[in-house]
Each structure stands twice: as C-alpha cells, then as structure tokens.
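In case you want the letters, here they are:
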Amino acid sequence: IDFESKKIIFVYWLFYFYKKTLTIRFEELSYKNKYHIFILQTRVSILIYQNEKFKIKLNSRNGWTDKQVEEVTLELLSIKPPLGELIERQRQDDAG
C-alpha cells in the first residue's frame, strides 16, 4: 500500500504461471470481506474491486493466511470504508 501516491499495488501469479501486477488508486478502490465454513474451519477472504468491477480475491487458496487477510482489511479500513458491513469472524475459541 503506497499511502504517498494513494494507490495499492497487488503482485500475484495468474494460474501459478503468469506474474501479474494490478494497481488501484484509492479513489477507484472498493472491497468487502467474506467468510466460508470449510471442514469445521472458518476461512476469510477479501474481495477487491476497481471502479465497481471485481478484480482479485485474497484468501488461503491464493496463498494468503487468514491473519494476513485480516491485517490487509485493517489497512484498507484506514483508506476507506468497505462495501456494506464487514462480517466478523467467529473464532473456534469464541464458539464455546
């Protein structure tokens, strides 16, 4: 996240073969989070949009840990609010 230039740069691998770079200016950015239950575990993802068009998903299938996704979400909150309410993740130790 480049706060000085007001943009986010994502570097990722498309289909694990093609290195891609996506740059989104803060004013073009929108995002929301999503939680999935997968084999008794909750997984987090964040959906990134540019000018209201879906661009990239950050989740464990794409090499991101839940902790990293949550950290990115906190950084994004310092830039602008999400699309709708952020969904709070219910942790295993909170369920009891």
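Residues numbered from 1 in each chain as written. Predicted model: local features only at pLDDT ≥ 70, side-chain atom pairs only at ≥ 80, totals over all residues. Heavy atoms only, no water.

*Asks:* Quick question: what am I supposed to make of the overall build of the protein here?
*Replies:* Helices and strands together make up the secondary structure of the protein, namely 1 helix and 5 strands. From first element to last, N terminus to C terminus, the protein shows the α and β order β-β-β-β-β-α. Residue burial in the protein is summarised as follows: out of 96 residues, 28% are buried. Sequence-distant contacts in the protein: of pairs separated by 6 or more residues, those separated by 24 or more amount to 38%. (Helix = DSSP H or I, 4+ residues; strand = E, 2+ residues; numbered from the N terminus. Buried < 20%, exposed > 50% of the residue type's maximum accessible area, 1.4 Å probe, protein only. Contact = heavy atoms within 4.5 Å.)

*Asks:* Explain the nonpolar core to me, please; I cannot follow it from the model alone.
*Replies:* Nonpolar side chains tend toward joint burial in soluble globular proteins. Counting 16 residues, the largest nonpolar core has Ile8, Phe10, Leu29, Ile46, Ile48, Leu58 and Leu76 as its most contacted members. Counting only elements with at least two residues in this core, the list comes to β1 (7–14), β2 (18–25), β3 (29–38), β4 (41–50), β5 (53–58) and α1 (66–79). Among the elements that take part in this core, α1 stands out by supplying 4 residues, more than any other. Not counting chain neighbours up to four residues away, the residues in contact with Ile8 comprise Ile1, Leu22, Thr23, Ile24, Phe26, Leu29, Leu76 and Ile79. (Core = buried A, V, L, I, M, F, W, Y, C linked by side-chain atoms within 4.5 Å.)

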